[in-house]
Structures are given as C-alpha cells and as structure tokens.
Amino acid sequence: MTAQKKQRAPRNRTIELSADEIEIYRKNLVFQENPNEFRNKIICGDAFQILKKLPENTFDLLFADPPYNLTKNFGENVFKQTSLDEYENWLESWIIDCAKLLKKTASIYICGDWRSASAIQRIGMKYFRLRNRITWEREKGRGAKSNWKNAAEDIWFFTVSDEFVFNTEAVKIKRKVLAPYTENGKPKDWKKLHEGNFRLTHPSNLWTDLTVPFWSMPENTEHPTQKPEKLLAKIILASTNENDLILDPFLGSGTTPVVAKKLNRAFCGIEQNETYCLLAQKRLDLAEKDKTIQGFSDGVFYERNTQIKR
C-alpha cells in the first residue's frame, strides 16, 4: 500500500495518510488471524468470520452501518444490489452471530435507507425487540428529475430484552426559543443566555440537527458513506454508560471507535478494507489531542448551524 497525496484546497481538512503513518498505524491493527485481542482494537478482516470468534454475552451496544441494498464501491470492495429476499438472507447471516455476542441489557442500532428498511425490520425482529425507527436528515445529495430528492436515512433501534440503558438527559437538544413564554414575568421552561433564548427539549426519532462530514470538517475522510460523529454521540450517550463495550462490525473509517474514545467508552471495530482501518487508527490518534464533537458541547447537543459561544 502506498500513500496517495492529492492536491487539496487550502481549507480542505480531509484526513489523509502519509507513507510513514501507514507503517505506524498498521502496527496498531489486529488482523483476522488473531481476534483474541478485541477490546479497544480495530480488527482488519472479514466480519463474517471474525464475529464467530468473539466471546458471547460481551457487548453492551451494537452499532451496524452495513452496505445498503444498492450497488456501491467501498474502495477495494463493491457491494451489488440484489433482491429483497437475498438482502434479508445477507442481513441475517451476520445478525445471527452478533446476537450471540450481546449482553441481555444491550441495545442495537442498524442503519439503512428506504430500500433496505423493511428487510432490517423483519430480520431484526427475529432476534431482538423493536423499539423505534430514527429518521435523520442527510442535508446534502443530488436532486432527481423524476423523483423526490433522497435526503433522509433510517436507523432501527432494537434491544435484546426489556432491561436496557436509555439516558434521556444525556441526549437532550438545545433549541432556540422563537416565542419565549413567561409566567409571572419569568421564563417558563427556557433560559435567557448571552447568545439568545434556549430550552432543552427531549430527543425524538426525527433528527434534523446533523451535518454529513464534508471537506472542510476535521472529521472528514474519503469514505463514501461516513456517518457524522454527532450521530454516533447521540446513540452512544443514550444507550451506554461509561466503560461499556461497543461493537461495530462494518467500521468504515472509524467514527464509532473515535466517538467511543471521546466519550470514555470501549470499542471493537471490524473492517475488511485496510486503508479504512488505517484512517480509523489515525482518527483515534487525533482524538487523543482533540475530544470535541461538532454540534455537541458541555454535555448538550445543539441544533444544526447554531452558533456556540465559548
């Protein structure tokens, strides 16, 4: 593997790997032949084989962002769109192994789009208890001439049992109050701050406050379906406690372990593409020095494009 440096615009902050970094970060990876080391490790290899080797009843949270049922190029690997029945069989082939690895109190989040949503629901309900479906606004993407612009994705929320973690207070959103209501001359359920009037609101299953990573954001990589760190922060804070162990079998460029590290959780990530594994290792290294998460500050989630005064 060789590093390929591209000419970037001055404000482009996309994370890249130098030749020296490739050698350094490769030493930190665990490869498929030795999955006994898994806590706070990135395992480079085939998830379908590695999942069978991990210890049962171990993980507190499963976050899975598998290929959706469409043809997509993931660097060295290509996922091809198939029939809905075949996609369901593919989902079940790894979900059945993941189910054995989860604690009784574990939560499960599986990402999908409108093509894959019904398959995820049906297979997920065979093994887990369905709690909700989150829809999040992906505020960028190409328009369509003869269809509605595809601007949202889903995350299915399951649990193993009726005993599970959900930290509502940790994931409230700070929203601007446009029509501040007072009672006896005092703010009712809102606070007047230097930057405006705000209230903390309960989290819903419709997320419109996320920004998909792009070239000027420090978390951005060239992975084609990278999820925002803020998205993972919501899930991790809601459904785990500190030091809990998170499993991500389709790691991509490493958003799950990076956010887990920033929020004092443990992780195990599996990714077949070595370049993405190395990018994840670099992001973990960067997280040692910078634990900020865009849109999340002082324990509070902010609306998208809200100015945060420090």
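Above this note sits the structure.
Residues numbered from 1 in each chain as written. Predicted model: local features only at pLDDT ≥ 70, side-chain atom pairs only at ≥ 80, totals over all residues. Heavy atoms only, no water.

## Here's the deal with the pattern of salt bridges
Between side chains of opposite charge, a pair can form when the charged atoms approach closely.
Here comes step 1: Summed over the entire model, instances satisfying the criterion amount to 22 salt bridges.
Here comes step 2: Beyond isolated ion pairs, a larger network of salt bridges with shared partners links Asp 65, Arg 138, Glu 153 and Lys 227. (Salt bridge = Lys/Arg side-chain N within 4 Å of Asp/Glu carboxyl O.)

## Some thoughts on the packing of helix H5 (residues 229-239) against helix H6 (residues 255-262)
Here comes step 1: As a packed pair, H5 and H6 sit with axes 9 Å apart at the nearest point and diverge in direction by 60°. Between H5 and H6, the crossing angle belongs to the class labelled oblique. Crossing angle aside, the handedness with which H5 passes H6 is right-handed. Contact residues: H5 offers Glu 229, Leu 232, Ala 233 and Ile 236, while H6 offers Thr 255, Thr 256, Val 258, Val 259, Ala 260 and Lys 262.
Here comes step 2: Across the contact of H5 with H6, the residue classes tally to six nonpolar, two polar and two charged. (Axes fitted to C-alpha atoms, helices over the stretch in contact; angles between N-to-C directions. Helix = DSSP H or I, 4+ residues; strand = E, 2+ residues; numbered from the N terminus. Parallel < 35°, antiparallel > 145°, perpendicular 65-115°, else oblique. Left-handed = near helix turned anticlockwise from the far one by under 90°. Contact = heavy atoms within 4.5 Å. Nonpolar A, V, L, I, M, F, W, Y, C, P; charged D, E, K, R; others polar.)

## A closer look at the packing of aromatic side chains
Within a pair of aromatic rings, the relevant descriptors are the distance that separates the centres and the angle that separates the planes.
Here comes step 1: Under the definition given, this model contains 12 aromatic pairs.
Here comes step 2: Residues Tyr 127 and Phe 128 carry aromatic rings whose centres are separated by 6.5 Å and whose planes lie at 55° to one another, so their mutual orientation is tilted.
Here comes step 3: Judged by relative accessible area, which is 6%, Phe 128 ranks as buried.
Here comes step 4: Each ring, one from Phe 296 and one from Phe 301, has its centre 4.5 Å from the other, and the planes form 40°; the classification is tilted. Like Phe 296, the residue Phe 301 is buried in the burial classification.
Here comes step 5: Here a set of aromatic residues connected by ring pairs shows up, and it is made of Phe 48, Tyr 87, Trp 90, Trp 94 and Phe 250.
Here comes step 6: Above the plane of the ring of Trp 207 lies Lys 234, whose end atom (NZ or CZ) is 5.1 Å from the centre.
Here comes step 7: Sitting above the plane of the Phe 301 ring, Lys 234 keeps its charged end 4.9 Å from the centroid. (Phe/Tyr/Trp six-rings, centres within 6.5 Å; stacked < 30°, edge-to-face > 60°. Buried < 20%, exposed > 50% of the residue type's maximum accessible area, 1.4 Å probe, protein only. Lys NZ or Arg CZ within 6 Å of the ring centre and 35° of its normal.)

## Side note on helix H1 (residues 19-26)
Here comes step 1: All of the buried residues in H1 are Glu 21, Ile 22 and Tyr 25. The arc that holds the buried residues of H1, viewed along the axis, is 105°, so those residues lie on one side. (Arc of directions from axis to C-beta.)

## A short note on the nonpolar core
Here comes step 1: Among the nonpolar cores identified, the biggest contains 45 residues, and Ile 155 and Leu 231 are the most heavily contacted of them.
Here comes step 2: When near neighbours in sequence (up to four residues on either side) are disregarded, Ile 155 contacts Tyr 109, Ile 110, Cys 111, Asn 132, Arg 133, Ile 134, Trp 136, Trp 207, Leu 231 and Ile 235.
Here comes step 3: Counting residues in hydrophobic clusters, the runner-up holds 35 residues, among them Ile 95, Leu 102, Ala 106 and Ala 119. (Core = buried A, V, L, I, M, F, W, Y, C linked by side-chain atoms within 4.5 Å.)

## Some points on H6
Here comes step 1: Of all the eight residues making up H6, seven are buried; the element is thus mostly covered by neighbouring parts of the structure.
Here comes step 2: By the burial criterion, the buried members of H6 are Thr 255, Thr 256, Pro 257, Val 258, Val 259, Ala 260 and Lys 262.
Here comes step 3: Backbone geometry just downstream of H6 places Asn 264 in the positive-phi region, at approximately 65°.

## Remarks on the pairing of strand E15 (residues 245-248)
Here comes step 1: Of the two faces of E15, both are covered, the one formed by Leu 245 and Leu 247 as well as the one formed by Ile 246 and Asp 248.
Here comes step 2: Pairing between strand E3 (residues 59-64) and E15: two bridges, direction parallel. Residue pairing across strands places Leu 61 opposite Ile 246, the latter belonging to E15. (Pairing = 2+ DSSP bridges.)

So yeah, pure geometry; function would need other evidence.
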